[in-house]
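Next come the chains, spelled out residue by residue.
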Amino acid sequence: MKKTLLTAYFILFCILYAQSQNFTITGKVVDATTKDALEYATVTFKPKGNSDLIGGITNKKGKFEISVPKGKYTISVEFLSYKTIVFKSQNITNDVHYGSIELSEDTEFLESIEIIGEKKLVERKLNKLVYNVTKDISAEGSMIIDIMNNIPSVFVENGTPTIRGQAATVLINGRFSSLSKSEALKSLPAGSVEKIEVISHPRAQYNASYNSIINVVLKKGKDEGLNASITGSFGHKDIYGGLLTLNNKSKKVNFFTNTSYNQRNAIQLSDSKNEYFVNGITSTFLNENSVFDSKDNTFYTTVGADFYLSKKTTLTTSINYSNLKQNSEASASSNIFDNLMSLSSSNERLHTRVFDNEIVDLNLQLEHQFNKKGRSLSFNFINSNDNETSNNNISNSNNSYTDQLYTENDNLNNSEFDLKYINPINDKSWFTTGYNMNSRKNIFQSTINNNVDYSENVHAGYIEYEYQVDKLYIGVGIRGEFSQIDIDNLNNSTTQKNTLNDFFPVFTTAYTINDSQSISFYYDKGINRTSPSQLQPFEERFSETSSYIGNENLKPMYRDTYALHYSYFGKKITFIPEIFYSKFSDWHQKVTYETGEIIDGVNKLITTPFNLGQVDHYGINIYASYKVNNNINFALSPEFYFFDQKGTYESTNILNQPIEIDFNKRTFNGKLKLLTQLKLPKVFNFQTNIIHYLKSEGPVSTRHAYTYASAALNKDLFDKKATLSLTFSDIFNSNQTKRDRFDTNYFSKSVIKNKNPDIILSFTYRFNQSKKNREIDFDKKDKKPNF
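These numbers come from a predicted model, not from an experiment. (Residues numbered from 1 in each chain as written. Predicted model: local features only at pLDDT ≥ 70, side-chain atom pairs only at ≥ 80, totals over all residues. Heavy atoms only, no water.)

Caption draft 1: Representation of the side chain of Thr169. Assignment of secondary structure puts Thr169 in strand β13 (residues 169–172). Owing to a relative accessible area of 13%, Thr169 belongs among the buried residues under this scheme. With residues up to four places along the chain from it excluded, the contact list for Thr169 reads Phe176, Ser209, Tyr210, Ser212, Ile213 and Ile214. (Helix = DSSP H or I, 4+ residues; strand = E, 2+ residues; numbered from the N terminus. Buried < 20%, exposed > 50% of the residue type's maximum accessible area, 1.4 Å probe, protein only. Contact = heavy atoms within 4.5 Å.)

This is the structure:
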């Protein structure tokens, strides 16, 4: 009897235990097209019968973890504006991991409703910051280079975008292109851009010469059917242009094009006062006033198509074409005085230049997703042909100076091939491996016998391993680059060959403290390769008394970078500080020295690059934003760093006199910007960006502090089918560089600024793509699903 009762109790206990036992169900919800994680997606479990629903929502990485009792369920995965996925008759008897669940956009739903929330201007994703250009109020009337100045941690200095005080590499749709250069970025409209991604610390799959990356993602349309927009822009001082964006998407093909034409007339003023010494006593003064007047006409078009070969395979082809025509005049008045300020010589120099730059990019991309979740293979090829022709005429009023009439032709052909394979090892780890080949051919020809052929071939392979469990992420990678550089100087029939074989490790680790906070550490080793302009063996004149010449013996510069990063995302406050440290060896330093050649009492200066010792570069950059409400937002981006340089330049001039310039100095640099957005529903939207540079004192020059501001406002019209925009660039005309240069034998003060601020009025009309907010407001963390 006792045995019977014990057996009955044991069976009853097992039944009750089985009924009360819970199992953990995990997975990740992503966008089927972009593979981006979908935060706040709803996952519900409906048990058989009339029991209450069980469910949860995904975190910012798109992941969910839900505890459910044993039983049979219908599981639904939902996200607003996406098609729901349903798993029927799921028998839960143990822990289950569903892997990546891909949701597709519900285009019918998007067309039928308007969602009140909207995508953020700035989003932080794994290893990158995303700036949504379509949310920038100034986008309609600006160029790409203008928009970059609004991005956190990015500062545009003399037309070059920088991150952490160093020049950043600009990519177009993830690939280096001739459209990446500053001249093109100044001419391409921001209205053709969907978003800009900032990758402060590139992984091993990127070229080791990329210290940081700014990736410009062009628009190509996602909505079904025919969609288009047209923009016209007009501004004072001979500014006008237009932009057409169009796409036609079906289930098999998405055809897209962006076409623009812009004319601008930029006028830049320069003023310099120079004092020269002999044995510490003033000997000569040189005052120069220059005006650079340039009229630019730019035509740009992108034509391409996405071919959906299957649900898992997409082929993308596109062609980019750009043509920049520039007619410029650079006039300079020079006056040379003796030590008593009596005029001893003068000159009126006029440099007229007709410049034509034609760029053609051919792109091919194939991506295939395997049946195994997360496994993919991608192939990319780009060929870029960049041809520059410049006709120059330099005349002088002073008969003792040399007039010049010459033509330069600079042809660059660049081909890049990339193969990448991603394979998950399990649900917690995966690896990425790939091969990259880059072939560059640069032919420079001039009618004044400056003819150089430059070729560079780089073959690279890499492997990355990533591991993520719970709140911890670890990523390690290594990249090998094997390069061959050939420089043929056709004037003297000499050839220089350089071979480099290097390995570059990368390490990243991150820890998620909670849904709002995370911390990460980063290390990588990289290289700054030499460019053709740094190696050019011939002289390039700025004036009769100043020139530039390259250095054929310049070596690459190596760097080691460390960074500690913290992120906080609250309902109203975002706070992202980063502490960084970089060590550079064989630093590329531009050195300006006196040649010993005397021209009207002035010792001619020449500038050339040299490998000059070591640099320690360390500091902090911060992004902090405060969302007062849905209509007011402030974003502050300060950056402060030390530049500790060690090295001395020693040489002799043409008179065999010794030259010694001491570059041993630690300098402090700082800059900050405040971006403010004010949105008044049914009235207008307003944005300002104020940028301030602190005074910077270097070993051979001092740049003075300055502040400038830009502003924009726009208003939606015709039920948000149109937008009227007004942009102001450098409102107070205060964006000017004041610099003092000094050496034992000279002192120089210079000011460079634009003559006028830009004021541009733009009108955009959208066809079949009204500007309704179709994104979720990710700030609304109080929204919970009803279970």
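Caption draft 2: Looking closely at the sheet that holds strand β2 (residues 42–47). Reading across from one edge, β3-β2-β5-β6 is the order of the 4 strands in this open sheet, with antiparallel pairing throughout. Each having just a single partner strand, β3 (54–57) and β6 (85–92) make up the two edges of the open sheet. Averaged over neighbouring strand pairs, the angle between their axes works out to 20° when direction is ignored. In this structure, β2 lies alongside β3, joined through 4 bridges in antiparallel fashion. The residue of β3 that forms the bridge with Val43 is Gly56. (Pairing = 2+ DSSP bridges. Axes fitted to C-alpha atoms, helices over the stretch in contact; angles between N-to-C directions.)

Caption draft 3: Region of the structure containing the sheet that holds strand β15 (residues 213–218). The strand order β8-β9-β14-β15-β13 describes an open sheet built from 5 strands, whose pairing is mixed. The two strands at the open ends of the sheet, each matched to only one other strand, are β8 (122–125) and β13. Ignoring which end each strand starts from, the neighbouring axes of this sheet average 20° apart. Where strand β14 (residues 193–199) and β15 come together, 6 bridges link them in antiparallel fashion. Bridge pairing in β15 links Val198 to Ile214.

Caption draft 4: Seen up close, the environment of Tyr276. Assignment of secondary structure puts Tyr276 in strand β18 (residues 253–278). For the pair Tyr276 and Leu315, spaced 39 residues apart in the sequence, the C-alpha separation amounts to 63 Å. The contacts of Tyr276, once residues within four sequence positions are left out, are Ile281, Thr282, Ser283, Thr284, Leu286, Glu594, Val602, Asn603, Asn745 and Tyr746.

Caption draft 5: Seen up close, the pattern of salt bridges. According to the stated counting rule, one finds 26 salt bridges in the structure shown. Among the ionic pairs, Asp560 bridges to Lys525, the shortest N-O distance being 3.4 Å. Remark: Lys525 occurs in strand β28 (residues 517–528) and Asp560 occurs in strand β31 (residues 557–569); sequence separation between them is 35 residues. A relative accessible area of 17% means that Asp560 is categorised as buried. For Lys525, a relative accessible area of 26% corresponds to the partly exposed category. Residues participating in the shared-partner salt-bridge network are Lys583, Asp616, Asp644 and Lys646. (Salt bridge = Lys/Arg side-chain N within 4 Å of Asp/Glu carboxyl O.)

Caption draft 6: Quick peek at the packing of aromatic side chains. By the definition in use, this model includes 26 aromatic pairs. On the basis of an interplanar angle of 10° and a centroid distance of 6.3 Å, the ring pair of Tyr706 and Tyr708 is categorised as stacked. Per residue, the accessibility class of Tyr706 equals that of Tyr708, and both read buried. Feature note: the residues Tyr523, Tyr562, Tyr581, Tyr618, Phe640, Phe642 and Phe668 constitute an aromatic cluster, connected by ring pairs. We note Arg375 situated over the ring of Phe370; from NZ or CZ to the ring centre the distance is 5.8 Å. Directly above the aromatic system of Phe155 lies the positively charged group of Lys673, at a separation of 4.6 Å from the ring centroid. (Phe/Tyr/Trp six-rings, centres within 6.5 Å; stacked < 30°, edge-to-face > 60°. Lys NZ or Arg CZ within 6 Å of the ring centre and 35° of its normal.)

Caption draft 7: Main features of the side chain of Asp31. Residue placement: Asp31 occurs in strand β1 (residues 22–31). Within polar-contact distance, the side chain of Asp31 engages the side chain of Tyr82 at 2.5 Å. When sequence neighbours within four positions are dropped, the list of residues in contact with Asp31 reads Asp36, Leu38, Tyr82 and Leu103. (Polar contact = N/O pair within 3.5 Å; in protein donor to acceptor, adjacent residues only side chain to side chain.)

Caption draft 8: How the structure looks around the nonpolar core. Within the largest apolar cluster, 36 residues are counted, with the highest numbers of intra-cluster contacts made by Tyr131, Met148, Ile151, Ile196, Ile214 and Val216. Elements with a contribution of two residues or more to this core: β9 (128–131), α3 (144–148), β10 (154–157), β13, α4 (182–185), β14 and β15. Ile25, Ala41, Phe45 and Ile75 belong to the second-largest nonpolar core, a separate cluster that totals 19 residues. (Core = buried A, V, L, I, M, F, W, Y, C linked by side-chain atoms within 4.5 Å.)

Caption draft 9: Inspection of a nonpolar patch on the surface at higher detail. A surface patch of nonpolar side chains, amounting to about 650 Å² of accessible area, comprises Leu472, Tyr511, Ile513, Ile519, Phe521, Tyr562, Leu564 and Ile579. Every element with two or more residues in the nonpolar patch is listed here: β28 and β31. With respect to the element layout, Tyr562 can be found in strand β31. (Patch = residues over 30% accessible without salt bridge, like charges linked within 9 Å, V, L, I, M, F, W, Y side chains within 5 Å. Areas by Shrake-Rupley, 256 points an atom, 1.4 Å probe, with all protein chains shown as cover.)

Caption draft 10: Main features of the pairing of strand β40 (residues 684–693). By the bridge criterion, 10 bridges tie strand β39 (residues 665–680) to β40 in an arrangement that is antiparallel. Considered in β40, the bridge of Leu674 is made with Ile690. Between the end of β39 and the start of β40, which pair antiparallel, lie 3 residues, with Lys682 showing a positive phi angle near 65°. Bridging between β40 and strand β43 (residues 706–717) involves 9 bridges; their strand directions are antiparallel. Note on β43: the bridge partner recorded for Phe686 is Leu713.

Caption draft 11: Examining the pairing of β10 more closely. Pairing between β10 and strand β11 (residues 160–163): 4 bridges, direction antiparallel. Looking at β11, one finds that Val156 is bridged to Pro161. Turn length for the β10-β11 hairpin, with the two strands adjacent in sequence and antiparallel, is 2 residues, and the turn residue Asn158 shows positive phi of about 55°.

Caption draft 12: Region of interest: unusual backbone geometry. Even without a glycine there, the phi angle at Asp586 is positive, about 55°. Residue placement: Asp586 occurs in the loop between β32 (573–585) and β33 (588–599). A relative accessible area of 27% means that Asp586 is categorised as partly exposed. For Asn656, which is not glycine, the phi dihedral falls at a positive 65°.

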